[in-house]
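Below, each chain spelled out in residue letters.
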Amino acid sequence: APFSIEGIGYFEQLANVFIKGYANVTGSAKGNKKLMYVGLYECGEQRDTAAIQAMFPLQQLRRLSLYDMSFQVFQLPGAVNLRSLELAGVYGAEVRVQRMDLSSLKKLRTIALHDVSLDKLDLRKNKELVEVGITSGLGCLDYDTHFFYPEGSKTCGINFFGGIRKNCRLILPSRNKIKRI
């Protein structure tokens, strides 16, 4: 059953929102003038980012995290102040993106793509980047014992990505501020 987020407009000081089950959400949070971080989980297959652009005030967002969401075309022309972008698969599900255009995100400082299937990522227009993380393998957890535990059997550990499926051609700006890849 659809779930409307229209009511969060009454929370005028709301700065962060995390929505699990985004595929079932309707409405708009564009009236939230202080919203800076949006996290969306269980998003499913999307043609493009039109629904996200219609639902959230992208021009004021600083951080956007999308989990379990695939796109044919990914671009966010309205997110001119976005500093951090994360796309990640969950529970071994791969995020598929046919084409990603981040050229309008001039203030982007960090990008993290975990378990994402993407052939090429051109970041030449993103000159403010300081951290780039791209993994195309299965998300796992490493424990003090360094043994692999089945998913859900432990609740602590350090993320690492193994089982690389394919490479992503990464094109970086010639003059950049990147400190960590």
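Residues numbered from 1 in each chain as written. Predicted model: local features only at pLDDT ≥ 70, side-chain atom pairs only at ≥ 80, totals over all residues. Heavy atoms only, no water.

Comments concerning the overall build of the chain
Helix and strand counts for the chain stand at one helix and 14 strands. Here the chain holds 181 residues, and the buried ones make up 41% of them. If you take every contact in the chain between residues at least 6 apart in sequence, the share linking residues at least 24 apart comes to 49%. Surface exposure of the chain reaches about 10,300 Å², of which carbon and sulfur atoms provide 51%. (Helix = DSSP H or I, 4+ residues; strand = E, 2+ residues; numbered from the N terminus. Buried < 20%, exposed > 50% of the residue type's maximum accessible area, 1.4 Å probe, protein only. Contact = heavy atoms within 4.5 Å. Areas by Shrake-Rupley, 256 points an atom, 1.4 Å probe, with all protein chains shown as cover.)

Points about the layout of surface pockets
Within this model, the second largest pocket holds a volume of roughly 340 Å³. Forming the boundary of the second largest pocket are 18 residues, of which Ala112, His114, Glu131, Gly133 and Arg180 lie nearest the centre. Those elements that place two or more of their residues in the lining of the second largest pocket are strand 5 (63–75), strand 6 (84–88), strand 8 (110–114) and strand 11 (131–135). With five residues, the top contributor of residues to the lining of the second largest pocket is strand 11. (1 Å grid on protein atoms, 1.4 Å probe; cavity = no way out; pocket = protein on both sides within 12 Å on 5 of 7 lines; lining within 4 Å. Points joined across faces, edges and corners; volume = space filled by probe spheres on them.)

Regarding the side chain of Thr49
Here Thr49 lies in the loop between strand 4 (37–46) and helix 1 (50–55). There is a polar contact of 2.6 Å between the side chain of Thr49 and the side chain of Gln53. Those residues within four positions of Thr49 in sequence are excluded, and the remaining contacts are Phe71, Val73, Phe74, Gln75 and Leu76. (Polar contact = N/O pair within 3.5 Å; in protein donor to acceptor, adjacent residues only side chain to side chain.)

Description of the nonpolar core
In terms of nonpolar packing, the biggest core is built from 41 residues, with Tyr22, Phe56, Phe74, Leu87, Leu102 and Ile111 touching the most fellow members. If you list the elements that add at least two residues to this core, you get strand 2 (16–20), strand 4, helix 1, strand 5, strand 6, strand 7 (95–101) and strand 8. Here this core takes five residues from strand 5, the largest share from any one element. Not counting the four nearest positions on each side in its chain, Ile111 is found in contact with Leu85, Leu102, Leu121, Leu123, Leu129, Glu131, Val132 and Gly133. (Core = buried A, V, L, I, M, F, W, Y, C linked by side-chain atoms within 4.5 Å.)

What about the packing of aromatic side chains?
This model, assessed by the stated rule, comprises four aromatic pairs. Ring centres of Phe18 and Tyr67 lie 6.2 Å apart, and the angle between their planes is 50 degrees; this geometry places the pair in the tilted category. Here Phe18, found in strand 2, pairs with Tyr67, found in strand 5; they are 49 residues apart in sequence, far enough to count as distant. Take Tyr67: its relative accessible area is 16%, and that puts it in the buried class. With a centroid separation of 4.9 Å and an interplanar angle of 75 degrees, the aromatic rings of Phe71 and Phe74 are classed as edge-to-face. Exposure class is identical for Phe71 and Phe74. Each is buried. Taken together, the ring pairs in this structure connect Phe18, Tyr41 and Tyr67 into an aromatic cluster. Above the plane of the ring of Tyr37 lies Arg63, whose end atom (NZ or CZ) is 4.4 Å from the centre. (Phe/Tyr/Trp six-rings, centres within 6.5 Å; stacked < 30°, edge-to-face > 60°. Lys NZ or Arg CZ within 6 Å of the ring centre and 35° of its normal.)

Structural notes on the environment of Phe11
Here Phe11 is to be found in the loop between strand 1 (3–4) and strand 2. In this structure the C-alpha to C-alpha distance between Phe11 and Lys34, which are 23 residues apart in sequence, comes to 9.5 Å.

Brief notes about the confidence of the model for the chain
Looking at the chain as a whole, its pLDDT mean stands at 82, while 80% of the residues score no less than 70. By mean pLDDT, the top-scoring element of the chain is strand 6 (93), and the lowest-scoring one is strand 13 (residues 158–162) (48). Confidence drops under pLDDT 50 across residues 141–164; counting only partners more than four residues distant or on other chains, this segment forms 33 contacts. (pLDDT = per-residue confidence, 0-100.)

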